[in-house]
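Next come the chains, spelled out residue by residue.
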Amino acid sequence: MRILSSEQMRAVECEALKHSQTYLRLMENAGTGAAKMIARYESPIENRRCVVLCGKGNNGGDGFVVARKLCREGAIVTCVLAGGEPRSEEAREMLRLLSLEPVSVLPLEEDRAQINLLLMEADLIVDALFGTGFQGALPDGYGFLAEMSNLSKARVYALDIPSGMNADTGITTGKCLKANQTIAFGCLKPAHLSEGAAEYLGEVAVCDIGIPEEAFSIIDDAVYLIDHDMVLPHLRQRPDDSYKGSFGYLLVVAGSLGMTGAAVLASRAASQCGTGLVYLATARSLVLPLAAHLTEQVMVPLAENEAGGISPLSLPELLPVLQKSTACVAGCGLKNTEDTRSIIRSIITNAECPVVLDADGINSVVGDINIIRCAKNGLILTPHYGEFSRLTGKTVEYIAQNRVALAKAFAQEYKVTLVLKGTTTVVALPDGSVCLNKGSNSGLAKAGSGDLLAGIIGGLLAQGLGINEAAICGVYLHSQAARLTAKRLCKTSMQPSDILNDLYLLFKELD
Ligand SMILES: NC(=O)C1=CN([C@@H]2O[C@H](COP(=O)(O)OP(=O)(O)OC[C@H]3O[C@@H](n4cnc5c(N)ncnc54)[C@H](O)[C@@H]3O)[C@@H](O)[C@H]2O)[C@@H](O)CC1
Ligand SMILES: [K+]
């Protein structure tokens, strides 16, 4: 699903006019679609008290349509007109049509006490004060409406975006209406996926407003939300006449003294995703204890250093395994030492297969960032904000506010696929495309979640998925499995190994 900025949305709406649409019909479609959704959520809508707050822009125009439609459905509707005469011809026409219905229209400045009472007694409030044209802070009168609406027990529906929020950033400067449900028009806007905006957005649903598909084609740098339809075509059916080689060989270079769990999680995740064979290369003394947790994986015991990590002396044993592997995951549970840096450098420069760098695999390239340009067959980096901060020299706060732009610039500059992990994970591709995954789940905020993700992506890569597809599908499968685990257990108690045990549910659908 597309995510467009307010400027892109305006361009698309304008383009729609060339495909026999009109602004008036788009507004009618938006209001009609939203009213239908509201009537369904509030069923039965008859005799329910509804207050529609309308601003002077086109968002207010949509509000007039909603008021007319809900009135026709039998709701008792009052419209509060903020900002005076609507600006556009279309919104003025919708106000004229509304005046033909039994709906009272109260100017905001008229009687605040009465408006306050209406909001307090309402069953539902529709927020059509501002949409994508809003910037800055709500002026006083509007602030009053936001405050009263937030105090009311009514269910609040925001049209396109909650008023008070910037559609491109999700930032609220001052007061903002808190919606239970936001109805986005035409497509999602960046604010709908913004971290920190969730308490104002409530649930988010997209309403089709009849923009023809051709009109979207003028946007060549759209951001996409990863969904089932995007992922499904890339997940492989397993023909019955196959053998283990048909599903690839993944080399996992992971684990050190004190961090063996990371190696277990990454290796098992890759196996659970259908990889033909997983090699786990790790420090020699860890092989026996790890073998107690790993039945199907093949161990590659490596020379180790005094700290219980892998020594570069092991490269003659490691590189031949890398040579016969179809993908490699490196970094989970390694330590950020000179030995690790040397091994990671050798993996990047020698691998003929695609490589996933995670955790200390990422930290290893911090002082030598140009090495990542040397990967011959694709590189995926899976940093969290802290690791990305070390990679880019930007603060975590700055990254959180500019994650899409920064991830995109990094992927383009270094020609890598970047998976920037967060409550909304950004997958930035070397060609400048960006996909977002909305999988916020506090049950994932635990050590080991990242190892699982690296293993899933590596497993998909080993089976032949393209580098970008593996990153996109891996991120989605990881969050979907975690969603199922949170349902089966709970976010507080669930562990990454529990998620591992639910992964099969996603693949079962395909069999
Ligand atoms: N353009 C179109 O064809 C369509 C637009 N639609 C609706 O139109 C909305 C966008 O309409 P507009 O561009 O008119 O934007 P808004 O309805 O958000 O209103 C913007 C108006 O408010 C003013 N404004 C912005 N920030 C302000 C502030 N802090 N204090 C006071 N005034 C402020 C602006 O100067 C402008 O006049 C969308 O969100 C959507 O709901 C839909 O009707 C579908 C079709
Ligand atoms: K709104």
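Rules of the game
- Residues take numbers from 1 onward in each chain, read along the sequence in its written order.
- Chains and ligands are labelled sequentially in the order written, the chains with letters from A and the ligands with numbers from 1.
- Residues qualify for local features only when their pLDDT is at least 70, as the model is predicted, and side-chain atom pairs are given and counted only at 80 or more; totals for whole chains, interfaces and linings, by contrast, use all residues.
- Calculated side-chain values reflect all of the structure's heavy atoms, with hydrogen atoms and water omitted.
- Only N, O and S atoms count as donors, using a 2.8 Å cut-off from the metal and 3.2 Å for Na, K and Ca, and because water is excluded some sites may appear unfinished.
- Per the convention used, a helix needs a DSSP run of H or I reaching at least four residues, while a strand needs a run of E reaching at least two, with both numbered from the N terminus.
- Think of it in three bands: with a 1.4 Å probe and only protein chains considered, a residue is buried below 20% of the maximum accessible area for its type, exposed above 50%, and partly exposed in between.
- Take the residue count of a helix, subtract one, and multiply by 1.5 Å to get its expected span.
- UniProt positions are given in the numbering used here, feature names are shortened, and annotations may be inferred rather than shown by experiment.
- Residues are labelled near a given molecule or strand when at least one of their non-hydrogen atoms is within 4 Å of it.
- What qualifies as a polar contact is a pair of N or O atoms within 3.5 Å, subject to a donor-acceptor requirement within protein and to the restriction that residues adjacent in sequence count only when both atoms come from side chains.
- Amino acids are sorted into nonpolar (Ala, Val, Leu, Ile, Met, Phe, Trp, Tyr, Cys and Pro), charged (Asp, Glu, Lys and Arg) and polar (every other residue, Gly among them).
- Delimitation of the domains relies on an automatic or database domain assignment.
- By the convention used here, residues are in contact when the closest approach between their heavy atoms is within 4.5 Å.
- Buried area counts how much accessible surface, traced with a 1.4 Å probe, disappears from two parts once they are put together, with both parts' losses summed.
- Whenever Lys or Arg places a side-chain nitrogen within 4 Å of a carboxyl oxygen from Asp or Glu, that contact is recorded as a salt bridge.
- Note on aromatic contacts: the rings of Phe and Tyr and the six-membered ring of Trp form a pair at centre separations within 6.5 Å, being stacked when their planes are under 30 degrees apart, edge-to-face when over 60 apart, and tilted otherwise.
- Sitting over a ring, as applied to charges here, requires NZ of Lys or CZ of Arg to be within 6 Å of the ring centre and within 35 degrees of the ring normal.

A. Representation of the coordination of the potassium ion (ligand 2). All of the protein donors around the potassium ion (ligand 2) are Asn-59 (OD1), Asp-127 (O), Phe-130 (O), Leu-159 (O) and Ile-161 (O); their distances to the metal are 2.6 to 2.9 Å. Ordering the donors of the potassium ion (ligand 2) by residue number gives the pattern N-x67-D-x2-F-x28-L-x1-I. Of the two residues, Asp-127 is situated in strand E5 (residues 124–128) and Ile-161 in the loop between strand E6 (155–159) and strand E7 (181–185); the sequence distance between them amounts to 34 residues. As far as the burial class goes, Asp-127 and Ile-161 line up, both buried.

B. A look at helix H18 (residues 449–462). Taking 1.5 Å as the rise per residue, H18 with 14 residues should run 20 Å; its terminal C-alpha atoms sit 20 Å apart, in good agreement. Of all 14 residues in H18, 13 are buried, a share of seventy percent or more. A positive phi of about 110° marks Gly-464, the residue just after H18.

C. View of the UniProt feature "domain: YjeF N-terminal" (unreviewed entry) in the protein. UniProt marks residues 9–217 with the feature "domain: YjeF N-terminal" (unreviewed entry), using the numbering shown here. The distance separating the terminal C-alpha atoms of residues 9–217 is 12 Å; by composition the span is 39% helix and 17% strand.

D. Just the site of ligand 1, in detail. In the vicinity of ligand 1 there are 21 residues, among which Glu-13, Asp-62, Gly-131, Gln-135 and Asp-160 approach most closely. In the model, an oxygen atom of ligand 1 is placed 3.1 Å from a nitrogen or oxygen of the Gly-133 main chain. Sorting the residues of the shell around ligand 1 by element identifies helix H2 (23–41) and helix H3 (58–72) as the ones contributing at least two each. Class assignment of the residues belonging to the shell around ligand 1 gives a composition of nine nonpolar, seven polar and five charged.

E. Focus on the domain arrangement of the protein. Each domain of the protein was delimited in the assignment, giving domain 1 (2–225) and domain 2 (228–234 + 243–508). The gap between the C-alpha centroids of domain 1 and domain 2 is 42 Å. Contacts between domain 1 and domain 2 engage 10 residues on the former and 12 residues on the latter. Where domain 1 abuts domain 2, roughly 890 Å² becomes buried across the two surfaces, and 54% of that area is made up of carbon and sulfur atoms. Here domain 1 and domain 2 share zero salt bridges between them. The interface formed by domain 1 and domain 2 includes four residue pairs in polar contact (both at pLDDT 80 or more). Top contributing element to the side of domain 1 that touches domain 2 by residue count: strand E9 (residues 223–225), with three residues. Across the side of domain 1 that touches domain 2, the residue classes tally to six nonpolar, two polar and two charged.

F. Inspection of the packing of aromatic side chains at higher detail. Taken as a whole and judged by the stated rule, the model has five aromatic pairs. On the basis of an interplanar angle of 45° and a centroid distance of 5.0 Å, the ring pair of Phe-130 and Phe-134 is categorised as tilted. Accessibility assignment for this pair places Phe-130 and Phe-134 in one class, buried. Their ring planes at 45° and their centres at 4.7 Å tell us that Phe-410 and Tyr-414 sit as a pair that is tilted. Placement of both Phe-410 and Tyr-414 in helix H17 (residues 403–414) is noted, with a separation of four residues, approximately one turn of the helix. Side by side, Phe-410 and Tyr-414 carry an identical accessibility label, which is buried. Cation over ring: Arg-40 sits above Tyr-41, and NZ or CZ is 6.0 Å from the ring centre.

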